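Architecture at a glance
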Amino acid sequence: MEDLQRVCTVLCAALQETDAYHYGLLYLDVRMNGAGQEIVTAFMGNGTHKEINVTGDSGIALMRDVVEALWRDTRW
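What comes next concerns the included structure. These figures come from a predicted structure and were not determined experimentally.

1. Brief notes about the state of the cysteines
By the definition in use, this model includes 0 disulfides. Cysteine Cys-8 shares no disulfide, and the gap to the nearest cysteine sulfur, in Cys-12, comes to 8.6 Å. Among the residues examined, Cys-8 registers a relative accessible area of 0% and is labelled buried. Residue classification places Cys-12 among the buried positions, given a relative accessible area of 5%.

What follows is the structure, encoded as structure tokens:
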């Protein structure tokens, strides 16, 4: 079983090394919501956050889903 929080921590560190997210991305947190879904919450430096459904994802799929969701969201 993969440690998805560890995957989030490593992914966050990698994203913070990029120009796009160097100052903006504070941390990624994975939790189970009340509906039983696994949700990654991306917390940004401007006080906003984004929730990304990663239910059933492997570590690599979680990384893909998080990067795609952050990239396509123009608010960041």
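2. Some thoughts on the sheet that holds strand β2 (residues 38-44)
Across the sheet, which stays open at both edges, the 3 strands sit in the order β1-β2-β3 with antiparallel pairing between neighbours. In this open sheet, the two strands that pair with only one neighbour each are β1 (25-32) and β3 (49-53). Across the sheet, the mean angle from the axis of one strand to that of its neighbour is 20 degrees, orientation sign disregarded. Bridge count between β1 and β2: 7 bridges; the pairing is antiparallel. Directly across from Asp-29, in β2, lies its bridge partner Thr-41. Along the sheet, helix α1 (residues 4-16) makes contact with β1 and β2, crossing β1 at roughly 160 degrees. On top of the sheet, helix α2 (residues 59-72) reaches β1, β2 and β3; it is set at about 140 degrees to β3, its chief contact.

Conventions we followed
- Residues numbered from 1 in each chain as written.
- Predicted model: local features only at pLDDT ≥ 70, side-chain atom pairs only at ≥ 80, totals over all residues.
- Heavy atoms only, no water.
- Disulfide = S-S within 2.5 Å.
- Buried < 20%, exposed > 50% of the residue type's maximum accessible area, 1.4 Å probe, protein only.
- Pairing = 2+ DSSP bridges.
- Helix = DSSP H or I, 4+ residues; strand = E, 2+ residues; numbered from the N terminus.
- Axes fitted to C-alpha atoms, helices over the stretch in contact; angles between N-to-C directions.
- Contact = heavy atoms within 4.5 Å.

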